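# Structural overview
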Amino acid sequence: PAAPRRFVAAVGDMVKHAVVNLGRSLAAGLAHGLRAPLSPPTAADGPAALVKYHKARLDRLAANFAFSADVALLLGGRLKFEEMFMGRLADALGAIFLGYATLHHLQRNATVLAASDPGLALVADHALLRLEKEAHDALLHAADNVPPLPARLHALAGSLIRTALRPLAFLGAPDAAPSDQLTKRVAALLTTNESQYANTFLLPAVYASQGVRHLIIQALPVCLEADALAANLRKQKRQPTADERALLDRAEILRDQIVQVASSEKLGWLENSDPDYVRPALKQTQDWLAQLSHTDGLLASAPAADRHQASAN
């Protein structure tokens, strides 16, 4: 007797969860829509203003996702077979998760790195704007592509998700990509000789060996100088001198060293310790090729009538 009561209570909690997140989505959407005429904060306003602004947008998107996930449960067991719809929800969840991670890094390091890392707020603002747009667009695509349900309930479900996501249409919606000006500033911060941002803050966090990081740091100024030289050569319509050609060749060599893929003839302990060991997949392929070659040889030596009969079989 207790099982039905627990089931009804769980369904009630799920409905309550959906209603609460719908309310949160609508309230946040209306608030952001009313503030839409105001200019959003930028890196120049300081990390605190950015954290407050982007946290409100991520909280709104998290409520949007939670409500969308609740609505998706109307599909029942079909949900796991609707890969494209689930993929869009997964894209939204991933972007929201990365957004909170970026926000946490900005909030945790804003005070410590305020003087030594002046570009932190700039890079974080650019990353958060992109992630928020990715999450918004993924949820909007999910609303437009709810799988068919009886009595056209999918149309109602899509409308509810879209209303929760954009209660005032485009007003206040987190769908704006970073501006070209902001993108240029971030690109200049990461890819110019005047800035040491990539060397100091970006590369140490790259998951690569110390040798690879050192090679990238060594190659960055050379490649930038070579790119500027190549642009000038095209503009001046002339051939490079011997020294200029040496610079271009050195940059090309460094690029090739960085992007090359490591390859190994043998993998794992068994292959390296036993010279006669062959991986099962390779052995099976060799057996198949040998069997195919043997069959082709038999067919080639058989009379024409027999070959025709074998082909028909």
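Being a predicted model, the structure only gives us computed values, none of them experimental. (Residues numbered from 1 in each chain as written. Predicted model: local features only at pLDDT ≥ 70, side-chain atom pairs only at ≥ 80, totals over all residues. Heavy atoms only, no water.)

## Digging into the overall build of the protein chain
Scanning the protein chain for helices and strands turns up twelve helices and zero strands. Going residue by residue from the N terminus, the α and β elements of the protein chain occur as α-α-α-α-α-α-α-α-α-α-α-α. When the 313 residues of the protein chain are sorted by exposure, 30% land in the buried category. Long-range contacts, defined as pairs at least 24 residues apart, comprise 70% of the intrachain contacts of the protein chain with a sequence gap of at least 6. Surface accessibility of the protein chain: about 20,100 Å² in total, with carbon and sulfur atoms responsible for 63%. (Helix = DSSP H or I, 4+ residues; strand = E, 2+ residues; numbered from the N terminus. Buried < 20%, exposed > 50% of the residue type's maximum accessible area, 1.4 Å probe, protein only. Contact = heavy atoms within 4.5 Å. Areas by Shrake-Rupley, 256 points an atom, 1.4 Å probe, with all protein chains shown as cover.)

## Observations regarding the pattern of salt bridges
Opposite charge on two side chains allows them to pair when their charged atoms are near. In this structure the tally under the stated criterion is eleven salt bridges. The partner of E82 in a salt bridge is R78, and the shortest N-O contact between them spans 3.0 Å. The class of E82 is partly exposed, set by a relative accessible area of 22%. Classification of R78 as partly exposed rests on a relative accessible area of 33%. Residue R166 is joined to D175 by a salt bridge in which the shortest nitrogen-to-oxygen separation is 3.4 Å. Looking at D175, the relative accessible area reads 24%, which means it is partly exposed. (Salt bridge = Lys/Arg side-chain N within 4 Å of Asp/Glu carboxyl O.)

## Considering a nonpolar patch on the surface
A cluster of nonpolar side chains, contributed by F7, V8, V11, M14, V15, V19 and L73, occupies part of the molecular surface with about 630 Å² of accessible area. As for its placement among the helices and strands, V15 is situated in helix α1 (residues 2–34). (Patch = residues over 30% accessible without salt bridge, like charges linked within 9 Å, V, L, I, M, F, W, Y side chains within 5 Å.)

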